[in-house]
Amino acid sequence: MIAVELRKLFRRPRTWITIALLNSLPVLVAVLLKVTDLAPRPGEGPAFLSAVLTNGTLFPLAALAIVLPLFLPIAVAVVAGDSVAGEAQGGTLRYLLARPAGRTRLLVAKLVALVVFVLVTVVIVAIVGYVVGTTLFEVQSLGATTAVSGTSLTPDQVAGRTLLSIGYVTISMLGVAAFAMFFSTLTDSPQLATLGALAVLIGSSLLFTLDAASDIAPYLPTRYWLSFVDFFRDPILWRNVVRGLGLQAVYVVVLLGAAWANFTTKDITS
Amino acid sequence: MSGTVIATHGLRKSFGAVRAVDGIDLDVRAGDVYGFLGANGSGKTTTVRMLLGLVLPTAGTVEVLGRPIPKAGREVLPRVGALIEGPAAYGHLSATANLSLSDASGPGGSRRTRKARIGEVLDQVGLGGVGKRAVRGFSLGMRQRLGLAGALLRRPDLLVLDEPTNGLDPQGIHEIRELLLDLNRTGTTVFLSSHLLAEIEQLATRVGVLDRGRMVLQDDLATLTAPTGATVVDTPRAAQAREVLGDRVLSADGDRLVVRGSEPAEVNAVLVGAGVPVHGLTLQRPTLEEVVLAAAAGSGDRVQAGAAS
Amino acid sequence: MVVRGWRWVVVALGLAVLVALPALVEALPADDEDVSPADLRAQVLASDDVAFSGYAISSGGLTLPVSDALTGVADLLSDQTALRAWYRGSDDWRVDVVTPTGETGTHRDASGTWTWDYADQRASRGDDPPLALPTAPDLLPSALGRRLLSEAGDDELSRIAPARVAGVDAVGLRYTPADPAASVSAVDVWVDPSTGLPVRVVVRSAGTATPALDTRFLDLDLSAPAATTTAFDPPPGADVTAERDLTDVDLGRQERADLPATLADLGRRSFDGVPDQIGAYGSGITVLAVSALPGRAAGSLRDQLERTPGAVVDDLGVRIAAGPLSLMVAGTSTRDGGSGTYLLAGTVTLDALATAARQIQEAAR
């Protein structure tokens, strides 16, 4: 079932178009940086971007930081919003369920396929970022990279922590994915499900900046997104990373539970 | 294969205040070609969806192949092929890929035999030459054939088909009809839901008629269209024939007379004996249309003034 | 017939458990211990050799009228600051102020401090100046608790209910300054009873429910961190500078001032390294600093204070209060040949400030 969902997802041209579009922004940023040589002041702009001019191997991280706030969650919301509602709209859902692909099974398979999609997307962003970064910018092959804490990281450490970041960013997207998937079981319109998830995303980002909402801030799905930066402190600051993972897990469990409760008893009339 | 294939008891489905299906008792037996007739909106599709576990009944039970639905769906549905309210497929994939995905997404479809089975059903429905083409470019008729291929993929014991000849040209309709009859001869029970009387009349051995959510008729087609005990006489001298037969003539319409008497030979003898030429003589049978119209009240699309408000 | 509702019940119950769990854990009562307030204070003051590492959050509830030279301080006292700390001893520790995309680290060694600023890619070396503006490391509960309790008298201390802080059942100690001039109504310190380490400090000012400052550990590990963690070497390519300390800030050293021995019943005291021109008064948590101001600086600061909501302007000068902090530009302007202008700042009431200003004027006459 999972293999079937993966085949559906990755044999679909739209999936690859989404990934290509997602990569266009960091590439554009890299080209602009190269042409103008105007790096953002350190501490401003996306994380790690200021360091890229002197060390191209950090560009995968800068690329992640560039797509993280908006592009990546939109891509995830589009694909996740389409997961069930898209099948309903296309009419294939009734055949799938009459086949019968169990409803719970289908949901889980869709979620796993989504996770793979996010992972593939993030890895591609990082790889494209690495290729672009090392082609356009200087590479400190001998010297070490300076961590956020002012200590030096060996290239091996940078590679390892970049992998950790890729994993963390992937998991960070699961909350949005779970929202979109839940909405996707509520409606037969994939666009509506995607918009619902985006509304959650934008609401969460907005509340996060609001002091009056500081009491609920730790529960916002976007709260710990930037914590992948914590992998580049020395020693690694695990606190927020662990909380971020826990929070995403809670969102996935609750929303998948709600999706399950709704979907397994839903009349399929599409 | 013997016994009851589909049995529902007091099956009811309400959407809000509307009772789409209101207490129907389906009885489909092994080897039947069951024609499920009903106007648009009479609850046919909802019933079909309940048989397949897509819509959950408000009340009543469904048994398919002797097992309860939706509870035993995982066991039963792999043995059921279905075409529900038109075909659906992933447009960017080929016909073969669509069938392969569908087969892989549930139990009962062996991976080993998949390729062979797909080739076979595509040939069966007449799509053998376009298996590799993306479904996006398919015509409505081709899609309908592909949907049918999907239903046949696992050699089901029961076919549940909702309007299977939709979008097909007369040639196609004929082909599909032959295919279904062929399958039925080899033991497949066919549940055919349609609003096309002619189609049901040509295919079905048993008929159920649904009207506004209620089952108004369910019987063997042969019984429904059994001889009425009258003979239809076609004669160029209708007036003379009436004189000869007297009050045995039940009705007359031009050259056509309906005469009491279930023995055409006897009627023929009387007329010929009186020198009345006879062009044709048949036992009178009611058409399915007449049976259905007598049983069902009207078209489901028709909304009386005041009823909609 | 399918019963549909139970799935939603399961989901709702699961959600309720997940939402309630943090609150339930927090509501678990903390164990108390029978320690006298004086003993507890002694334990706190002796805790500066307790090694630990941890993560702390400091929230300031003050709104300061910001002067450009003091933005750093204002941020510390009005915002939330996340701190990571590694402490091996009083001259071997590291405190990082963590921001979402960067950090500022202070590394203390035997001869001074390194400060690393990631945003500016700058490392600066400072010796340990006697007079310095508060910096983030001072907000760590351990450091702040020891400092605030250092001059508390036994009769000003009482015990309050214990609290669970960073997984520690911490015993509570309240310091209520007895001095009538005090603007701080109470300082609550929760202490790890096994080591004496303050784990949470809340500074309360009279008349407002919002604490002026609330700093506490969220994570605390009482094992000694590695020496390599607290050490610092400027990374290659970083900008290395020497740090400015407060004695370089022009606070009007050229203005001679003869300050009285007591102001508003607070006695004058001297600290090593603090120049004569700055008068320090009071003790414990009730302190007042007085310095003469050069005319131009006085004019702009006075303007700024006058624009602050709630500022009191009278013939003594302009004074404002932000929580327990109070600030005053006193005296007439030197431009009209007056008696000189003074800056008064401290944790005293506005009335005490006014009294002090009057006493300075009288002394100068």
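Shown above is the structure to which this text applies.
Residues numbered from 1 in each chain as written. Chains lettered and ligands numbered in written order. Predicted model: local features only at pLDDT ≥ 70, side-chain atom pairs only at ≥ 80, totals over all residues.

Which residues make up the overall build of chain B, and what values go with them?
Across its full length, chain B holds eleven helices and 15 strands. C-alpha atoms of chain B, sized along the principal axes, occupy 75 × 50 × 40 Å. Sorting the 309 residues of chain B into buried and exposed places 41% on the buried side. Of the contacts made within chain B by residues no fewer than 6 positions apart, 69% connect residues no fewer than 24 positions apart. (Helix = DSSP H or I, 4+ residues; strand = E, 2+ residues; numbered from the N terminus. Buried ≥ 20, exposed ≤ 12 C-beta atoms within 10 Å, placed from the backbone. Contact = placed C-beta atoms within 7 Å.)

Kindly report on the overall build of chain A, identifying the contributing residues and their values.
Looking only at helices and strands, one finds eleven helices and two strands in chain A. Taken over the C-alpha atoms alone, chain A extends approximately 60 × 40 × 30 Å along its principal axes. Looking at chain A alone, contacts between residues at least 24 apart form 75% of all its contacts between residues at least 6 apart.

Lay out the nonpolar core in plain terms, naming residues and giving numbers.
Residues A:Leu64, A:Ala177 and B:Phe191 are the most contacted members of the largest nonpolar core, which totals 160 residues. Ranked by the residues each element gives to this core, the list is headed by helix α7 (residues 103-136) of chain A, at 13 residues. Discounting chain neighbours no more than four positions away, the residues touching B:Phe191 are B:Ile6, B:Val28, B:Tyr34, B:Phe36, B:Leu158, B:Leu159, B:Val160 and B:Leu161. Core analysis: the second largest hydrophobic core is formed by 81 residues, A:Leu237, C:Leu140, C:Leu288 and C:Leu316 among them. (Core = buried A, V, L, I, M, F, W, Y, C linked by C-beta atoms within 7 Å.)

I'd love a proper account of the sheet that holds strand β2 (residues 80-89) of chain C, names of residues and values included.
Residues and elements named next belong to chain C. Reading across from one edge, β7-β8-β9-β10-β11-β1-β2-β3-β4-β5-β6-β12 is the order of the twelve strands in this open sheet, with mixed pairing throughout. Two strands close off the open sheet at either side, each with one partner strand: β7 (157-165) and β12 (239-242). Within the sheet, the average angular offset between the axes of one strand and its neighbour, ignoring direction, is 20°. Taken together, the eight bridges between strand β1 (residues 52-60) and strand β11 (residues 213-221) define a ladder with antiparallel strand orientation. Residue glycine 60 lies in a different strand from β11, and its bridge partner there is leucine 213. Where helix α4 (residues 141-149) meets the sheet, it contacts β1, β2, β8 (168-175), β9 (184-191), β10 (198-205) and β11, and its direction lies at approximately 55° from that of β10. (Pairing = 2+ DSSP bridges. Axes fitted to C-alpha atoms, helices over the stretch in contact; angles between N-to-C directions.)

Lay out the packing of helix α3 (residues 95-104) of chain B against helix α5 (residues 140-152) of chain B in plain terms, naming residues and giving numbers.
Each pair of packed helices can be described by the angle between their axes along with the distance between the axes. Residue and element names in this part refer to chain B. Following both chains from N to C, one finds α3 and α5 inclined at 35°, their axes separated by 10 Å at the closest point. When you trace α3 past α5, the crossing you get is right-handed. Across from Ala95, Asn98, Leu99 and Ser102 in α3, the residues of α5 making contact are Leu146, Ala149 and Gly150. (Left-handed = near helix turned anticlockwise from the far one by under 90°.)

Break down the pairing of strand β8 (residues 158-162) of chain B for me, with residues and values.
The two faces of a sheet get side chains in turn, since along a regular strand they alternate between them. Residues and elements named next belong to chain B. For β8, the tally of buried residues reaches five of five residues, placing the bulk of the element in the interior. Side-chain alternation along β8 places Leu158, Val160 and Asp162 on one buried face and Leu159 and Leu161 on a second face that is also buried. Pairing between strand β7 (residues 80-83) and β8: four bridges, direction parallel. Note that in β8 the partner of valine 80 across the bridge is leucine 158. Once the chain exits β8 it traverses helix α6 (residues 170-185) before rejoining the sheet at strand β9 (residues 189-194), and the crossover so formed is right-handed. (Right-handed = clockwise from strand over helix to strand, strands pointing away.)

Can you lay out the sheet that holds strand β15 (residues 278-283) of chain C for me, pointing to particular residues and giving the numbers?
Residues and elements named next belong to chain C. Overall, antiparallel pairing links the eight strands, which are arranged β13-β14-β15-β16-β20-β19-β18-β17 in an open sheet. Strands at the two margins of the open sheet, each flanked by one partner only, are β13 (262-263) and β17 (312-314). Sheet topology places strand β16 (residues 286-293) next to strand β20 (residues 341-346); six bridges connect them, and they run antiparallel. The residue of β20 that forms the bridge with leucine 293 is threonine 341. The strands that helix α6 (residues 295-307) touches are β16, β17, β18 (317-322), β19 (325-330) and β20; relative to β19, the one it contacts most, it runs at about 130°. Contacts from helix α7 (residues 350-364) reach β13, β16, β17, β18, β19 and β20 within the one sheet, and its direction differs from that of β19 by about 30°.

Can you lay out the interface of chain A and chain C for me, pointing to particular residues and giving the numbers?
At the interface, 24 residues of chain A touch 28 residues of chain C. Element by element, the count of residues in the side of chain A that touches chain C is highest for helix α11 (residues 238-263) of chain A, at seven residues. Taken together, the residues of the side of chain A that touches chain C sort by class into twelve nonpolar, ten polar and two charged. (Nonpolar A, V, L, I, M, F, W, Y, C, P; charged D, E, K, R; others polar.)

An account of the environment of B:Gly187 is requested, with residue identities and associated values reported.
Residues and elements named next belong to chain B. Along the chain, glycine 187 turns up in the loop between α6 and β9. C-beta crowding within 10 Å serves as the criterion here: with 11 such atoms nearby, glycine 187 is assigned to the exposed category. Each C-alpha atom of the pair glycine 187 and aspartate 32 lies 9.0 Å from the other, and the pair is 155 residues apart in sequence.

Quick one: what's the story with unusual backbone geometry, residue by residue and with numbers?
Cis rather than trans, the peptide bond between A:Asp234 and A:Pro235 has omega equal to 0°. By the element assignment, A:Pro235 lies in the loop between α10 (190-208) and α11. In this chain, B:Ile69 is followed by B:Pro70 through a cis amide linkage whose omega measures 10°. Phi is positive for B:Leu65, which is not a glycine, with a value near 50°. One can find B:Leu65 in the loop between β5 (59-64) and β6 (67-69). In this structure, B:Glu85 takes a positive phi of about 45° despite not being glycine.

What is shown is where atoms sit, not what they do.
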